[in-house]
Amino acid sequence: MQRWLEDIHARARTRLGRGRVADYIPALARQDPARLGIAVYTNAGERYVAGDAETPFSIQSIAKVLLLTLALRTHGEALWQRVGLNPSGMPFNSLALLEAERGKPRNPFINAGAIAVADCLVSAFVTPDKHLRDVARRLAGNASILIDDEVLASEWQHRARNAAAAYLMKAFGNLDNEVDEVLRTYFSCCALAMSCRDLAIALSFLASDGHARGPGERFVSPGLTRRINAIMTTCGMYDAAGDFAYRVGLPAKSGVGGGIVAVVPGRMTVCAWSPALDDSGNSVAAQHALELFAEELDPPPPDA
Ligand code: GLN
């Protein structure tokens, strides 16, 4: 596996130089586009890493998986009165459908949807961002995971579009708490800094029927795990979800920090990171690494 991963890393490096680092959040614009890391965590607890797999980066929208998981634990099926379950076919920060659909975001992985989910957590916890950070620490087995204050401040300063989505939802009665508090919670979660290794371990419950790292700790039920994986497949890569599902065929979630986590149900989680993004906001080299990874997962066909 180790040599296999290093080979995938070397082949995915050929995609470096394509795409652009996100600059609408200025703190992210300083990322080095030449970084590339991959980490795998198997259900047997084996860890494999290649390249920059231990460098913390801004997890951004990958946090939406943890936001959703916590909100499903606190709100259950009632969550779906607040947010829909279908792909939007629009960029992650689009406002186009939100007015037409009366403030109910299409799904929990576009920004508006994750802001509605964050609102649920603001209602449920005194300090929801710290709660989510602590859950990430516990799931990853890494107590040094932090919220990057500089990224948080940068997102706050350039919040106009997310604020517009939040105010529109507020106007439609789909936000219970104050807009500023909900936005701060959402940005804090997006500003978590984690490495590929941290993320592969933290989200490994999605590969193991809801069991968190180490045997015994059930984080969510198998049914919820299956449903979260389904939403990742249909909505995790935004308007490119169909392309990615065809090319890679695994449930996945990306973030504009350049990370993508993919799940091989029953077997392992894999996280790839490289900061330069395509037009949909998904990392070019990380997508390629996952495509190579998925191809290699299949056993070769028997000789004719
Ligand atoms: N925090 C980012 C935003 O709100 C998350 C977007 C992303 O990673 N796609 O724009």
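Refer to the structure printed above.
The model shown is predicted, which means the values in this text are computed figures rather than measured ones. (Residues numbered from 1 in each chain as written. Predicted model: local features only at pLDDT ≥ 70, side-chain atom pairs only at ≥ 80, totals over all residues. Heavy atoms only, no water.)

**Notes on the site of the ligand**
Rules: Throughout, the term near means that a residue has one or more heavy atoms lying within 4 Å of the molecule or strand in question. Within 3.5 Å is the distance limit for a polar contact, defined as a pair of N or O atoms, with the added protein rule that one can donate a hydrogen and the other accept it, and that residues adjacent in sequence qualify only through two side-chain atoms. Nonpolar residues are Ala, Val, Leu, Ile, Met, Phe, Trp, Tyr, Cys and Pro. Charged residues are Asp, Glu, Lys and Arg, and all others, Gly as well, are polar.
Around the ligand, the neighbouring residues are Tyr24, Gln60, Ser61, Phe92, Asn111, Glu155, Asn162, Tyr186, Cys190, Tyr238, Gly255 and Val256. The side chain of Ser61 places a nitrogen or oxygen atom 2.7 Å from an oxygen atom of the ligand. One of the side-chain nitrogen or oxygen atoms of Tyr238 is found 2.9 Å away from a nitrogen atom of the ligand. A class-by-class count of the residues in the shell around the ligand yields six nonpolar, five polar and one charged.

**Here we look at the pairing of strand S8 (residues 259-264)**
Filter applied, for reference: To sort residues, take the accessible area from a 1.4 Å probe on protein chains only and compare it with the maximum for the residue type: under 20% means buried, over 50% means exposed, and anything in between is partly exposed. Going along the chain from the N terminus, every DSSP run of H or I of four or more residues is numbered as a helix, and every run of E of two or more is numbered as a strand. Note: two strands are recorded as paired if DSSP finds a minimum of 2 bridges between them.
Of all six residues making up S8, six are buried, and the element is well covered by its neighbours. Here S8 shows two buried faces, one formed by Gly259, Val261 and Val263 and the other by Ile260, Ala262 and Val264. Connecting strand S7 (residues 252-254) to the next strand, S8, in antiparallel fashion are four residues, including Gly258 with a positive phi near 105°. Here six bridges tie S8 to strand S9 (residues 268-273), and the two strands are oriented antiparallel to one another. Opposite Val261, over in S9, you have Cys271 as the bridge partner.

**With respect to the packing of aromatic side chains**
Where we set the bar: Aromatic pairing here means that ring centres of Phe, Tyr or Trp (its six-membered ring) are within 6.5 Å. Orientation follows from the plane angle: under 30 degrees is stacked, over 60 is edge-to-face, and everything else is tilted.
One pass over the structure, following the stated rule, counts seven aromatic pairs. Ring geometry for Trp4 against Phe293: centres 5.2 Å apart, planes inclined by 45°, an arrangement best described as tilted. Placement of the pair is Trp4 in helix H1 (residues 2-12) and Phe293 in helix H13 (residues 284-297), with a sequence separation of 289 residues. Just as Trp4 is buried, Phe293 falls in that class too.

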